[in-house]
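Commentary on secondary and tertiary structure
Listed below are the residues making up each chain.
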Amino acid sequence: MKDRIVLAYSGGLDTSVAIGWIADATGAEVIAVAVDVGQGGESLETVRQRALGCGAVEAYVADARDEFANEYCVPTLKANGLYQGHYPLVSAISRPVIVKHLVKAAREFGATTVAHGCTGKGNDQVRFEVGIQTLGPDLKCIAPVRDLALTRDKAIAYAEEKHLPIVTTKKNPYSIDQNVWGRAVETGYLEDIWNAPTKDIYDYTASPEFPPAPDEVTITFVQGVPTALDGVALSPLQVIQELNRRAGAQGVGRIDVVEDRLVGIKSREIYEAPGAMALITAHKHLEDVTIEREHARFKATVGQRWSELVYDGQWFSPLKRALDGFIEDSQQYVSGDIRMTLHGGQAIVNGRRSDTSLYDFSLATYDTGDTFDQSSAKGFIDIWGMASKVASGRDQRVAGE
Ligand code: ARG
């Protein structure tokens, strides 16, 4: 029996060509695996037919949108996951769910090897291969673009020569990756980091410069999970989709950054994540009223570390899992409603209510009804400043000697 290889298949030019290219180079049979994480575009059936038309012996297609929303986007939201303070980990969290399906397909079809279409310069190759090593340690990995010299020119020539059922004329200068959590655009004209992105780059967001009338939305959370919009119960996937539409219409969630890739390259990235950014903002504001101060401060550093691990391809690692435990525990009281206005590129919170709030009106008020004992403040401050005061006394004494 021939060796079998499962290929992470997008339906695009490179991975369509990769089917035959891998078969030619290795003599193996190729099984195409397409996973729907809410990237939109063609139906899974169309993608399946194209894979078979390009020479795949089998096509495995999976609608993983709810799985992705519940098990990948929601944990990222609970962590307020933003790599380097900006990037909501759009591509980083989609690779592990694709890996799960690749390994599942490899088992179903008796494959020995997993293939993906990444180049040798990015993070995604690391995320795929580290994930596969972890979930299927016996599986080998190959990357035709990186390991089998499949360049874009060769891909176009190959597709034309073999009459593959794909369109090869339209040359998109950008490398785009998208799913329900957001959209990433890189390369081309953006590689000059002084160049401002042109309008055609955006797809999930309208320009924030000429916004429609402000849109006020109330988001309900139960233990950190978004469960309703404006009082209407929805699944996490539906909440994200609906906020992509509403926040996207207001130009919320456009991000333009230079970030540090794991492989040591600084890279210019344009992201659009209207739903994700609106949700993270709302969630953080609900944590502000429901999580105790020290717990909240520490959680911010945990969330930052969590984001770095996820960015760096460590989704299935022990430390990431341990931090998940901390984050999950922290969400016990993160329940309630956040009201926010979406307008002109911003998502601004203007109301919060929670049955598990730590906000105590009678402690906070400057009006009558104040229960805070101001006379305790003086002694507290004396002791709070004691260590610095003693040190400063020493500094002055030494300087005077
Ligand atoms: N720089 C981002 C990341 O590493 C986005 C990568 C997008 N991938 C792509 N093939 N365009 O997560």
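Check the entry above for the structure.
Attention in this report is confined to the structure presented alongside it.

Criteria and thresholds
Residues numbered from 1 in each chain as written. Predicted model: local features only at pLDDT ≥ 70, side-chain atom pairs only at ≥ 80, totals over all residues. Heavy atoms only, no water. Pairing = 2+ DSSP bridges. Helix = DSSP H or I, 4+ residues; strand = E, 2+ residues; numbered from the N terminus. Axes fitted to C-alpha atoms, helices over the stretch in contact; angles between N-to-C directions. 1 Å grid on protein atoms, 1.4 Å probe; cavity = no way out; pocket = protein on both sides within 12 Å on 5 of 7 lines; lining within 4 Å. Points joined across faces, edges and corners; volume = space filled by probe spheres on them. Nonpolar A, V, L, I, M, F, W, Y, C, P; charged D, E, K, R; others polar. Parallel < 35°, antiparallel > 145°, perpendicular 65-115°, else oblique. Left-handed = near helix turned anticlockwise from the far one by under 90°. Contact = heavy atoms within 4.5 Å.

1. A word on the sheet that holds strand β12 (residues 266-272)
A sheet is described by the order of its strands in space; here four strands give the open sequence β6-β7-β12-β11, paired in antiparallel fashion. Both outer strands of the open sheet, β6 (175-179) and β11 (254-260), are each paired with one neighbouring strand and no more. Across this sheet, the average inter-strand angle for adjacent strands is 20 degrees, counted without regard to direction. Of the strand pairs in this sheet, β6 and strand β7 (residues 182-186) are connected by five bridges, and their pairing is antiparallel.

2. Topic: the layout of surface pockets
In this structure, the second largest pocket occupies an estimated 250 Å³ of space. Ala79, Asn80, Lys284, Lys299 and Ala300 are the residues nearest the centre of the second largest pocket, which is lined by 15 residues in total. For the lining of the second largest pocket, the elements supplying multiple residues, two or more each, are α9 (274-290) and α10 (293-311). Looking at the lining of the second largest pocket, the element that brings in the most residues is α10, giving six residues. Of the residues belonging to the lining of the second largest pocket, the class tally is six nonpolar, five polar and four charged.

3. Re the packing of helix α3 (residues 65-78) against helix α4 (residues 90-109)
One way to put it is that α3 packs onto α4 with a least axis distance of 10 Å and a crossing angle of 140 degrees. On the basis of their axis angle, the class for α3 and α4 is oblique. Handedness of the α3/α4 crossing: right-handed. Contact with α3, carried on its side by Glu67, Phe68, Glu71, Tyr72, Cys73 and Thr76, involves Val90, Ile93, Ser94, Pro96, Val97, Lys100 and His101 of α4 and no other residues of that element. When the residues that make up the contact of α3 with α4 are grouped by side-chain class, the tally is seven nonpolar, three polar and three charged.

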